[in-house]
Amino acid sequence: SKPKKKLPPGPVAFPIISRYLWHCKSFPELEPILRKLHAKHGPIVSLPIGNSFTIFVASGSLAHQALIQNATIFADRPIPHAIHKITSSSQHDINSAPYGRTWRLLRRNLTSETSPLKLCPCPQVGLGNPHSLQQSSNTGDGIVRVVNDFHFAILCLLVLMCYGDKLDEKMVKEIEISRQRVSAGFLRFRKLTLWPALGKILFRKQWEEFLQLRKNQENVLISLIRARQQLKQEMHSKQNEADSGGEKESGVCVTAYINTLLDLELPEEKRELNDGELVSLCSEFLNAGTHTTSPTLQWIMANLVKYPHIQTKLYKEISSVMGEREDEVTEEDLQKMLYLKAVILEGLRRHPPGHFGVPHAVTEDVTLGGYDIPKNTAVFFMAAEIACNPEVWEDPLEFKPERFLSGGGKGVELFDVTGTKEIKMMPFGAGRRICPGYGLGIFHLEYFVANLIWRFEWTAVGGDEVDLSESPLSALMPVVMKNPLKAHISPRVKQGEDTH
Ligand code: HEM
């Protein structure tokens, strides 16, 4: 006798078969279908994916209603499938932890004052260093294919923040390879995830193969964790442990993310984190920071190559702040560069690394946009659609940093990327689960873009048009370029330098 729930509209669904077919579709396949469904039914639609309905919201005002006005109700994550449970050590990483005490503790630990996120070891890794890019110009004629350089530089930076040591290149590559294998396994074993109990029997070999990949990844990261534990003990015994604000010594940043994790006690289980959980948290730190910042950096640089007038305007701003100096653009310099900030915001608006964001789940039955959303339903907020709404943005598909510069540049300083007052774009999500690394992400983008433009002039290769299409193979996150950026770089001739 209960009144029937009014679920958001969607296509006709046949039991079992529809769920299986929708479950097997990748996100790039779903995106155009969802666009059509939104055009037909409005900004909130549902699809029968997996074992229940999944809801897709494509409106900033509905996202605000959900994530800000009903923040705690929309603060959970869907129950992960079997494979995800392995990589997150049964939801003991921040991203997949259920909304509750453990999640709060892990998240606070990442964002606290003693967190390595507050340190800036950028100059120790230095992509602003002209030599690293010049050397990677594979053909020796100033042409660079930046995708690997950007990815590697940002990964090195996060490895340093995570483990406190500047590791040699071979070790960083080993970390990356073990991660790539696990994430390739993740996609390959997708069929296991709909009915995991059955999948594990039918595809036993693949399941065991996946467990082995995860074990290999654990072995690589555990050796680093052990080294850090030992160093910590040694420092303790010498009564020389760094203070909680962190201390840097000859290229080694003593406050490392792993140190903060080693000190934690889980509130519910009253125990320290085990090896598997430490591995999951460290690899989350590396993945969450690298696979978002590095593709965004590439998209922004691609736009600066495609639109030289924007690059020139940015270079002029950097020159005016740097004056006679020729050294690296520093954190302090960045604060004075409003046009740079506008370029970064426009890059994040136009190319958010996750078009669908990360799914939320509701902690209780709730209504949104006139529809019922039952407890535990997964809800995606479509970041790319929201950021290109023509009712909110003029010429939404154009790359125009100037749109953030209203009021003589004040607009960029006042723009609230967290969406607390209103959501016009949400590259970092919004609400309780907003990306805890958003400040660091923006800082890395500003730092790298400023130094790359300050050192080099970037031009298209041989008059080739820069292709800004997205790869159709992009998974949930990140959305990458179909044809990775290839550009010609030439060192800038600074005032007073001999041009001959
Ligand atoms: C340009 C850079 C970045 C972008 C665009 C980005 C984007 C995002 C997005 C969209 C989410 C999901 C938010 C939601 O559920 O509503 C997220 C979550 C997260 N991000 Fe980032 N991120 C970036 C950099 C970083 C960095 C540098 C770190 C840390 C080193 C980081 C750590 C995390 C973590 C731990 C979560 C899970 C938060 C939770 O579930 O409470 N991210 N990020």
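See the structure shown above.
Residues numbered from 1 in each chain as written. Predicted model: local features only at pLDDT ≥ 70, side-chain atom pairs only at ≥ 80, totals over all residues. Heavy atoms only, no water.

J.: I tried to follow the coordination of the iron atom of the ligand on my own but got confused; where do I start?
T.: Each pair of donors in an ideal octahedron of six around a metal sits at 90 or 180 degrees, and each pair in an ideal tetrahedron of four sits at 109.5 degrees. Just one protein atom coordinates the iron atom of the ligand, and that atom is Cys 435 (SG), at 2.3 Å. As for its placement among the helices and strands, Cys 435 is situated in the loop between helix H18 (410-414) and helix H19 (438-455). (Donors = N, O, S within 2.8 Å, 3.2 Å for Na, K, Ca; no water. Helix = DSSP H or I, 4+ residues; strand = E, 2+ residues; numbered from the N terminus.)

J.: It is not clear to me how the site of the ligand should be interpreted in this structure. Could you clarify?
T.: Near the ligand lie 25 residues; those nearest to it are Arg 77, Trp 103, Arg 107, His 360 and Cys 435. Take Arg 77: an N or O atom from its side chain is 2.9 Å from an oxygen atom of the ligand. Take Trp 103: an N or O atom from its side chain is 2.9 Å from an oxygen atom of the ligand. Contributing elements (two or more residues each) for the shell around the ligand: helix H5 (101-111), helix H13 (275-306) and H19. Looking at which element gives the most residues to the shell around the ligand, the answer is H13, with 6 residues. Residues that form the shell around the ligand fall into these classes: 13 nonpolar, 8 polar and 4 charged. (Near = heavy atom within 4 Å. Polar contact = N/O pair within 3.5 Å; in protein donor to acceptor, adjacent residues only side chain to side chain. Nonpolar A, V, L, I, M, F, W, Y, C, P; charged D, E, K, R; others polar.)

J.: Any chance you could explain helix H2 (residues 27-41) here in plain terms?
T.: Within an α-helix, residues lying three or four positions from one another point in the same direction, as the helix has 3.6 residues per turn. The terminal C-alpha atoms of H2, which comprises 15 residues, lie 20 Å apart, in line with the 21 Å expected from a rise of 1.5 Å per residue. For H2, the set of buried residues is Phe 27, Leu 30, Glu 31, Leu 34, Leu 37 and His 38. Looking at the buried positions of H2, the neighbouring elements they touch are helix H1 (17-24), strand S1 (44-47), strand S2 (54-57), strand S9 (378-381) and helix H17 (383-386). Positive phi appears at Gly 42, one or two residues downstream of H2, with a value of about 110°. (Expected span 1.5 Å × (residues − 1). Buried < 20%, exposed > 50% of the residue type's maximum accessible area, 1.4 Å probe, protein only. Contact = heavy atoms within 4.5 Å.)

J.: Explain the pattern of salt bridges to me, please; I cannot follow it from the model alone.
T.: Any two side chains of opposite charge can pair, given that their charged atoms come close. Evaluated as defined, the whole model comprises 18 salt bridges. Of the charged contacts in the structure, one is a salt bridge between Arg 35 and Glu 385, with a shortest N-O distance of 2.9 Å. In this pair, Arg 35 sits in helix H2 while Glu 385 sits in helix H17, placing the two residues 350 residues apart along the sequence. With a relative accessible area of 42%, Arg 35 lands in the partly exposed category. Lys 173 is paired through a salt bridge with Glu 169; the nearest N and O atoms lie 3.2 Å apart. Residue Lys 173 and its partner Glu 169 are both found in helix H9 (residues 169-188); the two are separated by 4 residues, about one turn of the helix. Under the relative-accessibility criterion, Lys 173 is labelled partly exposed at 43%. (Salt bridge = Lys/Arg side-chain N within 4 Å of Asp/Glu carboxyl O.)

J.: Help me understand the nonpolar core, please; the structure alone is not making it clear to me.
T.: Generally speaking, soluble globular proteins have nonpolar side chains that are buried together. Among the nonpolar cores identified, the biggest contains 90 residues, and Tyr 163, Met 301, Val 449 and Trp 458 are the most heavily contacted of them. When residues in this core are grouped by element, the largest group, 13 residues, is from H13. (Core = buried A, V, L, I, M, F, W, Y, C linked by side-chain atoms within 4.5 Å.)

J.: Hey, could you run me through the packing of aromatic side chains in this one?
T.: The relation between two aromatic rings is expressed through the spacing of the ring centres and the mutual angle of the planes. Following the criterion strictly, the structure yields 13 aromatic pairs and no others. Centroid distance Tyr 99 to Trp 103: 5.1 Å. Interplanar angle 50°. Geometry classified as tilted. Using a relative accessible area of 22% as the deciding quantity, one classes Tyr 99 as partly exposed. Note on Trp 103: relative accessible area 4%, which makes it buried. Three or more aromatic residues link up through ring pairs in this structure, and these residues are Phe 56, Phe 356 and Phe 380. A cation over an aromatic ring shows up here: Lys 6 above the ring of Tyr 371, its NZ or CZ 4.8 Å from the ring centre. For the cation-ring pair, Arg 349 lies above Trp 393, with the distance from its terminal atom to the ring centre recorded as 5.2 Å. (Phe/Tyr/Trp six-rings, centres within 6.5 Å; stacked < 30°, edge-to-face > 60°. Lys NZ or Arg CZ within 6 Å of the ring centre and 35° of its normal.)

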